[in-house]
Amino acid sequence: MPPPLPRRLVVPVLFMLARLIAPGIAGSGLALGAENAADSGAPEQQPKPPIAAKHPKTEERFGVTRTDDYFWLREKENPAVIDYLKAENAYTEAAMAPTKPLQDKLYAEMLGRIKETDTAVPYRKGDYFYYTRTEEKKSFPIFCRKKGSLEAKEEIIFDQNARAAEMGVKFLSLGAFDVSPDHKMLAVSFDTSGAERYTMHFKNLADGSWLPDEVPDTYYTSAWANDNKTFFYTTQDDASRPFRLWRHVLGTSAKSDTMVYEEQDERFNLSIEKTRSDRYLMMKLESNSQTEFRFLDANTPTGDFRVVIPRKENVESTIDHHDDRFFIVTNDGAVNFKLITVPISAPDNTPTVLIPGSDTTTIEDVDCFSQYLVIHTREDALPRIHVRRFDDPKSDYSIDFPEAAYDVGPSDNEEFDTPLYRFVYTSLVTPRSVFDYDMATKKRTLLKEQPVLGGYDRTKYTTKRIDAPAPDGKMVPVSLVYRTELFKGDGTNPCLLNAYGSYGFSFDPAFSSNAVSLLDRGFVYAIAHIRGGSERGRTWYEDGRLMHKKNTFTDFIAAAEALIKQKYTSPDHLAITG
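About the criteria used
- Residues numbered from 1 in each chain as written.
- Predicted model: local features only at pLDDT ≥ 70, side-chain atom pairs only at ≥ 80, totals over all residues.
- Heavy atoms only, no water.
- Helix = DSSP H or I, 4+ residues; strand = E, 2+ residues; numbered from the N terminus.
- Rg over C-alpha atoms; globule rule 2.2 N^0.38 Å.
- Buried < 20%, exposed > 50% of the residue type's maximum accessible area, 1.4 Å probe, protein only.
- Areas by Shrake-Rupley, 256 points an atom, 1.4 Å probe, with all protein chains shown as cover.
- Lys, Arg positive; Asp, Glu negative; His and termini not counted.
- Charge placed at Lys NZ, Arg CZ, Asp CG, Glu CD.
- Phe/Tyr/Trp six-rings, centres within 6.5 Å; stacked < 30°, edge-to-face > 60°.
- Lys NZ or Arg CZ within 6 Å of the ring centre and 35° of its normal.
- Pairing = 2+ DSSP bridges.
- Axes fitted to C-alpha atoms, helices over the stretch in contact; angles between N-to-C directions.
- Core = buried A, V, L, I, M, F, W, Y, C linked by side-chain atoms within 4.5 Å.
- Contact = heavy atoms within 4.5 Å.
- Salt bridge = Lys/Arg side-chain N within 4 Å of Asp/Glu carboxyl O.
- Polar contact = N/O pair within 3.5 Å; in protein donor to acceptor, adjacent residues only side chain to side chain.
- Expected span 1.5 Å × (residues − 1).
- Patch = residues over 30% accessible without salt bridge, like charges linked within 9 Å, V, L, I, M, F, W, Y side chains within 5 Å.

## Here's the deal with the overall build of the protein chain
- When helices and strands are tallied, the protein chain shows eight helices and 35 strands.
- Radius of gyration (C-alpha) of the protein chain: 26 Å, near the 25 Å computed for a compact globule of 578 residues.
- The principal-axis extent of the C-alpha atoms belonging to the protein chain is close to 75 × 65 × 60 Å.
- For the protein chain, with 578 residues in total, the buried portion stands at 47%.
- Of the roughly 28600 Å² that the protein chain leaves accessible, carbon and sulfur atoms contribute 51%.
- Here the protein chain contributes 72 positively and 85 negatively charged side chains, and the mean placements of these two sets differ by 2 Å.

Right, here's the structure in full:
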């Protein structure tokens, strides 16, 4: 699921409200212009921004000589760099000083919608229910579990706040977090610098003690073998590229760990994961345009990884396991991907095509369960979920969703032998909602909707999707939301238009409690699903990259023009971010 909106919205909210509210909705009855202007006082002279010194650094690569005047700003410990950053911060504070009362009000509003003491929906793995919870005034989550049932006594397996206090640090980022198959050991890695280089630690969950094993300089991905003592992890090269896979045995020094594989092609990143069936360890080698998978029986951790999907130019894949086959989503010979299977005993055999490629439907991923196959697709720029029984291929059906623009994706589905599929649904008006879906009865159960404090009422807002004609005739989807009673329809509503459009990332419409601060002041908030993303399939991505990158920007302009033409806003009331 795409990253949540709030991180990208806070700064635009401040600038938009400072620049647009007063002229945009004066006379609306909300007295919003005065909200910013009343405390501003007399106009003050604008502060001047600091000018970074130029220290030319020249280098030659691929026969091209380049000069970087600001390479010195990479030197994090250089006092001159620190002084310059302090000057930039001081300038920002001075430039934004007239909006300080509004900033404080917005911050209080946004914080006031967040339930600080909260508990995530528990998910089942074996005999345990795992979950995280947060407590007011504490910066980090607390990781917990209960054995047997949700009524059982809570066991705190890792308190990130307590660990940070023990280490005497204010910043503690987690990388790997893996419980062993027998639920007796926890592998967790920490980073205290922000450099994303983690030290792996191991905790005995039976008595709460930490093992002396410490593995420095690891990366995010990791996996346990089924013997509960062999652990696989990755490390990075000097360019922070994960490129080596290692095998560690509990109770031994990290210096004696075995390097299982090293990826020498600098285009490829390496990661490790385990199939939901717990049967296989999957090594993934991925570049911007190629994917290779290698597998190892999780019961034989000292064995050799075998290639199941070899790397091939411009061929990307995902994989899962069921019974005696691997299920593979690939674009090899299918622009919008197809679903194939190969026998585990002979992965080089000619694959069986389960679902052929389509011009209108993109297959994005699959999830295998003991009895059911869940297929994630994208149709008409919207994510879809299809379900079919393994014993009846004709049983294929899709799960219906009610809104014109939304986002949906998998949640915690750790169990293999279950009829329940858990997904997360959200839209621009619907807070993040976790559902359990019974694939046998087709019944969905809402487990939790993200609390939004302060009296949020979704019925007061309207969300819809429009299409914007691009210069070449393509129709660019635009998702938007506004507060119904404040929408005038004459072009005078201020509007914030957002987009991404790169790396095939689909920027789907998700709920943001922070956006309510805009909507309740009469704003329209819109997301343009421009080319460079994958909203309309693989060709949507290909048509927005390399020599076609111009389409990313002309699509964005087309979206703005459509919003103006259809009277959602006007040029004087439109701001953009992306």
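## Focus: the packing of aromatic side chains
- Counted according to the given criterion, the structure contains 33 aromatic pairs.
- Consider the rings of Phe190 and Trp210, whose centres lie 6.2 Å apart with planes at 70°: the pair is edge-to-face. Highlighted residues: Phe190 in strand E9 (residues 185–191) and Trp210 in strand E11 (residues 210–224), separated in sequence by 20 residues.
- The interplanar angle of 70° and the centroid separation of 4.7 Å between the aromatic rings of Tyr219 and Tyr220 together place this pair among those described as edge-to-face.
- In this structure Tyr219 comes out as buried when scored by relative accessible area, which is 19%.
- Clustering of aromatic rings is evident, with ring pairs tying together Tyr397, Phe401, Tyr406, Phe423, Tyr425, Phe435 and Tyr437.
- A cation sits over an aromatic face here: Arg145 above Tyr128, 4.1 Å from the ring centre.
- The lysine or arginine in question, Arg531, covers the ring of Trp540, its NZ or CZ lying 5.4 Å from the ring centre.

## Observations regarding the sheet that holds strand E30 (residues 443–449)
- The strand order across the open sheet formed by four strands is E27-E28-E29-E30, and the pairing between neighbours is antiparallel. Lying at the two open borders of the sheet, with one neighbouring strand each, are strand E27 (407–410) and E30. The sheet shows a mean angle of 30° between the axes of neighbouring strands, direction not considered.
- Two strands pair when backbone bridges link them, and strand E28 (residues 420–426) and strand E29 (residues 433–438) are joined in this way by six bridges, in the antiparallel orientation. Bridge assignment links Arg422 to a residue of E29, and that residue is Asp436.

## Overview of the nonpolar core
- Val478, Leu480, Leu497, Ala526, Ala528 and Leu563 are the most contacted members of the largest nonpolar core, which totals 21 residues.
- For this core, the secondary structure elements donating two or more residues are strand E31 (461–469), strand E32 (475–483), strand E33 (495–499), strand E34 (524–528) and helix H8 (550–565).
- Counting residues per element, this core draws most heavily on H8, at five residues.
- Within the second largest apolar cluster, 17 residues are counted, among which are Tyr397, Phe401, Tyr406 and Met439.

## Focus: the environment of Leu211
- By secondary structure assignment, the location of Leu211 is in strand E11.
- Classification of Leu211 as partly exposed rests on a relative accessible area of 22%.
- When the C-alpha positions of Leu211 and Thr235 are compared, they lie 21 Å apart, and in sequence the two are 24 residues distant.
- With near-sequence residues (within four places) excluded, Leu211 lies in contact with Met185, Phe202, Lys203, Asn204 and Leu250.

## A short note on the environment of Trp210
- Under the relative-accessibility criterion, Trp210 is labelled partly exposed at 29%.
- In this structure the C-alpha to C-alpha distance between Trp210 and Leu186, which are 24 residues apart in sequence, comes to 9.4 Å.

## Details of the sheet that holds E33
- As summarised here, the arrangement of the five strands in space is E31-E32-E34-E33-E35, forming an open sheet in which the pairing is mixed. Pairing within the sheet leaves two strands with one partner each, and these edge strands are E31 and strand E35 (574–577). Sheet twist, expressed as the average angle between the axes of neighbouring strands with direction ignored, equals 20°.
- Looking at chain direction, E32 and E34 are connected through five bridges and run antiparallel. Within the sheet, the bridge partner assigned to Ser479 lies in E34 and is Ile527.
- Across the sheet, H8 is in contact with E31, E32, E33, E34 and E35; its angle to E33 comes to roughly 155°.

## Observations regarding the environment of Leu339
- By the element assignment, Leu339 lies in strand E21 (residues 338–343).
- C-alpha of Leu339 to C-alpha of Ile375: the two residues are 36 residues apart in sequence and 9.1 Å apart in space.
- When residues no more than four places from it in sequence are discounted, the contact partners of Leu339 are Phe327, Ile328, Val329, Thr352, Val353, Leu354, Ile355, Ile363, Val366 and Leu373.

## Digging into the pairing of E31
- Two strands pair when backbone bridges link them, and E31 and E32 are joined in this way by nine bridges, in the antiparallel orientation. Paired with Lys464 across the bridge in E32 is Leu480.
- If you look at the hairpin formed by E31 and E32, you'll find five residues sitting between the two strands, and Gly473 has a positive phi there, around 95°.

## Details of the side chain of Ser395
- Among the structural elements, Ser395 can be located in strand E26 (residues 392–398).
- Those residues in contact with Ser395, other than ones at most four positions away along the chain, are Val387, Arg388 and Arg389.

## Brief notes about the side chain of Lys338
- Inspection of the secondary structure assignment puts Lys338 in strand E21.
- Buried and unpaired, Lys338 has no salt bridge, with Asp332 as the nearest side chain of opposite charge at 6.0 Å.
- Only 3.0 Å separates the side chain of Lys338 from the backbone oxygen of Asp332, close enough to count as a polar contact.
- Sequence-distant contacts of Lys338, defined by excluding residues within four places in its chain, comprise Ile328, Val329, Thr330, Asp332, Ile355, Pro356, Gly357 and Ile363.

## Let's talk about helix H3 (residues 79–95)
- The end-to-end C-alpha distance of H3, which contains 17 residues, comes to 24 Å, matching closely the 24 Å that a straight helix rising 1.5 Å per residue would cover.
- N-capping of H3 is provided by Asn78, with a side-chain oxygen placed 2.9 Å from the backbone N of Ala80.

## Comments concerning a nonpolar patch on the surface
- On the surface, Tyr107, Leu111 and Ile114 cluster together into a nonpolar patch covering about 290 Å² of accessible area.
- Mapped onto the secondary structure, Ile114 falls in the loop between helix H4 (100–112) and strand E3 (118–119).
- Judged by relative accessible area, Ile114 falls into the partly exposed class, the value being 40%.

## A word on the pattern of salt bridges
- Under the definition given, this model contains 40 salt bridges.
- A salt bridge links Arg311 to Glu263; its shortest N-O distance comes to 2.7 Å. With Arg311 in the loop between strand E18 (306–309) and strand E19 (317–322) and Glu263 in the loop between strand E14 (258–262) and strand E15 (269–274), this residue pair connects regions lying 48 residues apart in the sequence.
- A relative accessible area of 26% places Arg311 in the partly exposed class.

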